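So you can see what is in the structure, the chains are spelled out below.
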Amino acid sequence: MKNSLHQFCQPFVCLLIWVIAVGNAFGASLISVADYPSIHEAVAQNPGRRVYVPSGSYVLTNAVVLKADNTELEGPGVIVQSNPAAAIIEVRAHHVLLRDLTLTRSPGNTE
């Protein structure tokens, strides 16, 4: 039994390693806002990549500017703009994707 399980798992493990290696080669690794001082910094350091916004509230005073083509910003996070005069997100590129985010303003700052 142990031998047949080993024979089954070995190709699976090789396939899993290959998928991870290919995914990383094509930029599929997860870039999280949590690994940077701010959303702004995460986006600036990873132009044209997918940036994940984990659960939680992220308060801004300036807009997040997406200026590289193919940038993706996604996740269950809530982006809160505290400055009523500023946009929440400014898109200055093509093929930008925003997915699953909540974009809002601080209470009382909805001008």
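Residues numbered from 1 in each chain as written. Predicted model: local features only at pLDDT ≥ 70, side-chain atom pairs only at ≥ 80, totals over all residues. Heavy atoms only, no water.

1. Some details on the environment of Lys-67
Tracing the backbone through its elements, the reader meets Lys-67 in the loop between strand S4 (64–66) and strand S5 (72–74). Distance from Lys-67 to Val-96, taken between C-alpha atoms, is 9.0 Å for residues 29 residues apart in sequence. (Helix = DSSP H or I, 4+ residues; strand = E, 2+ residues; numbered from the N terminus.)

2. A look at unusual backbone geometry
Leaving glycine out, the prevailing phi sign among residues is negative, and the prevailing peptide bond configuration is trans. Positioned with a positive phi, His-95 is a non-glycine residue whose angle comes to about 60°. Considering the arrangement of structural elements, one finds His-95 in the loop between strand S7 (89–91) and strand S8 (97–99). The class for His-95 is exposed, based on a relative accessible area of 65%. Of note, Asp-100 is a non-glycine position whose phi angle comes to about 65°, a positive value. (Buried < 20%, exposed > 50% of the residue type's maximum accessible area, 1.4 Å probe, protein only.)

3. Thoughts on the nonpolar core
Ranked by size, the top nonpolar core spans 16 residues in total, and within it Val-33, Ile-39, Val-64, Leu-73 and Ile-79 carry the most contacts. The set of elements that each furnish at least two residues to this core consists of helix H2 (39–45), strand S3 (57–60) and S4. In terms of residue count, the dominant contributor to this core is H2 (3 residues). For Val-33, the residues in contact, after removing those within four places along its chain, are Ser-38, Ile-39, Ala-42, Val-51, Tyr-52, Val-53, Pro-54 and Tyr-58. (Core = buried A, V, L, I, M, F, W, Y, C linked by side-chain atoms within 4.5 Å. Contact = heavy atoms within 4.5 Å.)

4. As for the sheet that holds S3
Backbone hydrogen bonds hold the strands of a sheet together, and the pairing may be parallel or antiparallel. Pairing within the open sheet is parallel, and its 3 strands lie in the order S3-S6-S9. Where the open sheet ends on each side, the last strands, each with one partner, are S3 and strand S9 (102–105). Neighbouring strand axes in the sheet, compared pairwise and without regard to direction, differ in orientation by 25° on average. Sheet topology places S3 next to strand S6 (residues 78–81); 4 bridges connect them, and they run parallel. When the bridges of S6 are listed, Leu-60 appears paired with Gln-81. (Pairing = 2+ DSSP bridges. Axes fitted to C-alpha atoms, helices over the stretch in contact; angles between N-to-C directions.)

5. So, the side chain of Glu-74
If you trace the backbone, Glu-74 turns up in strand S5. The buried category is assigned to Glu-74, whose relative accessible area is 14%. Only 2.8 Å separates the side chain of Glu-74 from the side chain of Arg-99, close enough to count as a polar contact. In this structure, Glu-74 is in contact with Arg-50, Val-51, Tyr-52, Val-53, Arg-99 and Leu-101, ignoring residues within four places of it in sequence. (Polar contact = N/O pair within 3.5 Å; in protein donor to acceptor, adjacent residues only side chain to side chain.)

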